[in-house]
Amino acid sequence: MLAQASEGLAAEKRPAAWGAVLALSLGAFALIASEFMPVSLLTPIASDLRVTEGQAGQAISVSGAFAVLTSLVIVPLAGRLDRKLLLLGLTGLMIVSGTVVALAPDYAMFMVGRAFIGVAIGGFWSMSAATAMRLVPDRHVPRALAILNGGNALATVVAAPMGSFLGGLIGWRGAFFLVVPVAVIVFVWQLASLPSMRIQARSGFASVFRLLGRPVVALGIAAVGVFFMGQFTLFTYLRPFLETAAQADVSTLSLMLLLMGVTGVLGTTLIGGVLKAAGLYRTLVMIPALMAVIASALAAAGGGGAATALLLGLWGLLATSAPVGWWTWVARTLPQDAEAGGGLMVAVVQLAISSGAVVGGLLFDTSGYRATFGASALLLVLAALLTVLASRSGRVRTA
């Protein structure tokens, strides 16, 4: 207990390495841009590699699968390796991935490159909370995580339109390769700004799953999983909803999605202050509860222009800020196991996103958008209830 108190005191006295945090934020931007770049380039990729668009679309699936696998094994495999070296290695892998994809002579090599980016994504996000805890004092961790997720939010906004624009200008290979110089900048910046981050204790493979034996962790992980499943049950099918119910043309659709992206970036800026003012668990309950109301309102509105735009703007504000809250939860709930907890959360979130897309797709095809959005609302309410239980469990354990 005394050792933990000493570590906490040392962490508070440690100067904040904001340059390193910004370097990681740029790295997050490059990673997420790489992950979702294929969305707007499926047709030229498929044509050039002589595969179907469905096969080209598996470029996202394979990166997600490798992200899940990596998130569960990277901490025990890395052992006591200096985390600065590990992050530099993952950034180097991002450079290799972009190069392999851009120069891929066939579909198989293209997918190898996509697997590499999945490994980089899973490793990076698994360690994000633990890295933030080592770079800034405890009181600044939510702000550091918000900056990290700001890179994520910005990439989510610009990845698809940027890929489409660059693909038309310099081809899909050129669009992918342009991520490489950004990754090189990130590598050099991290090399210069990241302090040495040595690990004292080695984590085994069982340590990741042993955390689920703690009720607060099991309930929290269940809550975050159900939350992301509910979010992507709706979000994945916004475009067909807007095209059919709202009868939005391409320019209107782009503006609405851009609005969500802009409010999402705003959300990551504001969430640190909200967490401080309202408290962690109250914020984590409030976000899915409000999103459930928005999902229900979208279903009831039936695609009305101004109302739908307002609701989608609010959705973006809340949905993009939520990961900052949950990474803060990892940092506060598992201060000694943040890497293992981060790996577990990344795996659950990736699986939840896939599950939400599947459930939403089945409902959208069979029953339409109202059933899809209704299921999203129910899942979000369940996420809020699980978060309440996690909060009570955490208080009982503390007591």
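A brief structural summary. (Residues numbered from 1 in each chain as written. Predicted model: local features only at pLDDT ≥ 70, side-chain atom pairs only at ≥ 80, totals over all residues. Heavy atoms only, no water.)

A look at a nonpolar patch on the surface
To keep it simple, the criterion reads: Like-charged residues within 9 Å of one another, or nonpolar side chains (Val, Leu, Ile, Met, Phe, Trp, Tyr) within 5 Å, are grouped into patches, provided each residue has over 30% relative accessible area and no salt bridge. For the area figures, the Shrake-Rupley method with a 1.4 Å probe applies, and any residue is considered shielded solely by the protein chains shown. Any carboxyl oxygen of Asp or Glu that lies within 4 Å of a side-chain nitrogen of Lys or Arg is treated as forming a salt bridge with it. For the purposes of this entry, the term helix denotes a DSSP run of H or I that reaches at least four residues, the term strand denotes a run of E that reaches at least two, and both are numbered from the N terminus. To sort residues, take the accessible area from a 1.4 Å probe on protein chains only and compare it with the maximum for the residue type: under 20% means buried, over 50% means exposed, and anything in between is partly exposed.
Together, Leu 266, Leu 270, Val 274, Met 286 and Leu 290 make up a nonpolar patch on the protein surface, roughly 380 Å² of accessible area in all. Those elements giving two or more residues to the nonpolar patch turn out to be helix 13 (250-278) and helix 14 (280-301). Here the element with the most residues in the nonpolar patch is helix 13; it accounts for 3 residues. With respect to the helices, strands and loops of the structure, Leu 266 is situated in helix 13. A relative accessible area of 42% means that Leu 266 is categorised as partly exposed.

As for helix 11 (residues 215-235)
The cut-off we apply is this: Here the expected span of a helix is defined as 1.5 Å times the quantity of residues minus one.
The terminal C-alpha atoms of helix 11 lie 30 Å apart, and with 21 residues this matches the ideal 30 Å at 1.5 Å per residue to within 8%. Judged by how many residues are buried, helix 11 sits mostly within the fold: 15 of 21 residues are covered.

With respect to the environment of Gly 360
Filter applied, for reference: Contacts between residues were defined by any pair of non-hydrogen atoms, one from each residue, lying within 4.5 Å.
With respect to the helices, strands and loops of the structure, Gly 360 is situated in helix 16 (residues 338-367). Between the C-alpha atom of Gly 360 and that of Gln 231, which follows or precedes it by 129 residues, the distance is 9.9 Å. With residues up to four places along the chain from it excluded, the contact list for Gly 360 reads Thr 233, Tyr 237 and Thr 372.

Brief notes about the packing of helix 15 (residues 305-333) against helix 16
The condition is simple: The angle between two axes is taken between their N-to-C directions and runs from 0 to 180 degrees, where each axis is a line fitted to C-alpha atoms and a helix contributes only its stretch in contact. Take the far helix as your reference; a near helix turned counterclockwise from it by less than a right angle gives a left-handed crossing, and one turned clockwise gives a right-handed crossing. For this scheme, ten residues count as nonpolar: Ala, Val, Leu, Ile, Met, Phe, Trp, Tyr, Cys and Pro. Four count as charged, namely Asp, Glu, Lys and Arg, and the remainder, Gly too, count as polar.
Contact geometry of helix 15 with helix 16 gives a least axis separation of 9 Å together with a crossing angle of 145 degrees. The chirality of how helix 15 crosses helix 16 is right-handed. Where helix 15 approaches helix 16, its residues Trp 326, Trp 327 and Val 330 are matched on the opposing element by Ala 338, Gly 341, Gly 342, Met 345 and Val 346. Of the residues that constitute the contact of helix 15 with helix 16, the class distribution is 6 nonpolar, 2 polar and no charged.

Notes on the pattern of salt bridges
Pairing between side chains of opposite charge can happen when their charged atoms approach one another. Under the definition given, this model contains 3 salt bridges. Notably, a salt bridge pairs Arg 173 with Asp 48, separated by 3.0 Å at the nearest N-O pair. Highlighted residues: Arg 173 in helix 8 (residues 141-177) and Asp 48 in helix 3 (residues 42-49), separated in sequence by 125 residues. A salt bridge links Arg 83 to Glu 339, with the nearest nitrogen and oxygen atoms 2.7 Å apart. Of the two residues, Arg 83 sits in helix 5 (residues 83-103) while Glu 339 sits in helix 16, which places them 256 residues apart along the sequence. Glu 339 shares its class with Arg 83; the two are buried. When salt bridges that share partners are traced, they join Arg 83, Arg 134 and Glu 339 into one network.

Describing the packing of helix 4 (residues 53-78) against helix 16
Stated formally: Here the angle decides the label: under 35 degrees means roughly parallel, over 145 means roughly antiparallel, 65 to 115 means roughly perpendicular, and every other value means oblique.
Where helix 4 contacts helix 16, the axes come no closer than 8 Å and their chain directions differ by 160 degrees. Taken together, helix 4 and helix 16 sit at an angle that is classed as roughly antiparallel. Like other packed secondary-structure pairs, helix 4 and helix 16 cross with a definite hand, here left-handed. Along the contact surface, helix 4 presents Gly 64, Ala 67, Val 68, Ser 71, Leu 72 and Val 75, while helix 16 presents Glu 339, Ala 340, Gly 343, Leu 344, Val 346, Ala 347 and Gln 350. Tallied by class, the residues present in the contact of helix 4 with helix 16 amount to 8 nonpolar, 4 polar and 1 charged.

Some thoughts on the side chain of Gln 231
Mapped onto the fold, Gln 231 is located in helix 11. Here Gln 231 falls in the buried class, since its relative accessible area comes to 8%.

Regarding the nonpolar core
Cut-off, in case you're wondering: We define a nonpolar core as any set of buried Ala, Val, Leu, Ile, Met, Phe, Trp, Tyr and Cys residues linked to one another through side-chain atoms lying within 4.5 Å.
Among the nonpolar cores identified, the biggest contains 119 residues, and Phe 110, Leu 135 and Trp 315 are the most heavily contacted of them. Ranked by residue count, the leading element in this core is helix 15, at 12 residues.

Description of the packing of aromatic side chains
Where we set the bar: Here a Phe, Tyr or Trp ring, Trp counted by its six-membered ring, pairs with any other such ring whose centre lies within 6.5 Å, and the pair is stacked when the planes are under 30 degrees apart, edge-to-face when over 60, and tilted otherwise. Should the NZ of a Lys or the CZ of an Arg lie within 6 Å of a ring centre and within 35 degrees of the ring normal, that charge is described as sitting over the ring.
Tallying each qualifying case throughout the model produces 11 aromatic pairs. Note on Phe 241 and Tyr 369: the rings are 4.9 Å apart at their centroids and 55 degrees apart in plane angle, and the pair reads as tilted. Residue Phe 241 is found in helix 12 (residues 238-244), and its partner Tyr 369 is found in helix 17 (residues 369-398); the two are separated by 128 residues along the sequence. With 5.4 Å between their ring centres and 75 degrees between their planes, Trp 326 and Trp 329 make a pair best called edge-to-face. Taken together, the residues span about one helical turn, with Trp 326 and Trp 329 both in helix 15 at a distance of 3 residues. As far as the burial class goes, Trp 326 and Trp 329 line up, both buried. Of the aromatic side chains, those joined through ring pairs into one cluster are Phe 110, Trp 172 and Phe 176. One Lys or Arg, Arg 143, reaches over the ring of Trp 18 and ends 4.5 Å from the middle of that ring.

Concerning the side chain of Glu 339
The line we're drawing: Pairing of N or O atoms within 3.5 Å defines a polar contact, subject to two protein rules: one partner must be a possible hydrogen donor and the other a possible acceptor, and residues neighboring in sequence count only if both atoms are side-chain atoms.
In this structure Glu 339 comes out as buried when scored by relative accessible area, which is 8%. In this structure the side chain of Glu 339 is engaged in a polar contact, spanning 2.7 Å, whose partner is the side chain of Arg 83. Among residues more than four places away in sequence, those in contact with Glu 339 are Val 75, Arg 83, Ser 126, Met 127, Ala 130, Arg 134 and Ile 199.

Topic: unusual backbone geometry
Backbone geometry places Arg 50, a non-glycine residue, at a positive phi of 60 degrees. As for its position among the elements, Arg 50 is in the loop between helix 3 and helix 4. Assessed through its relative accessible area of 80%, Arg 50 is described here as exposed.

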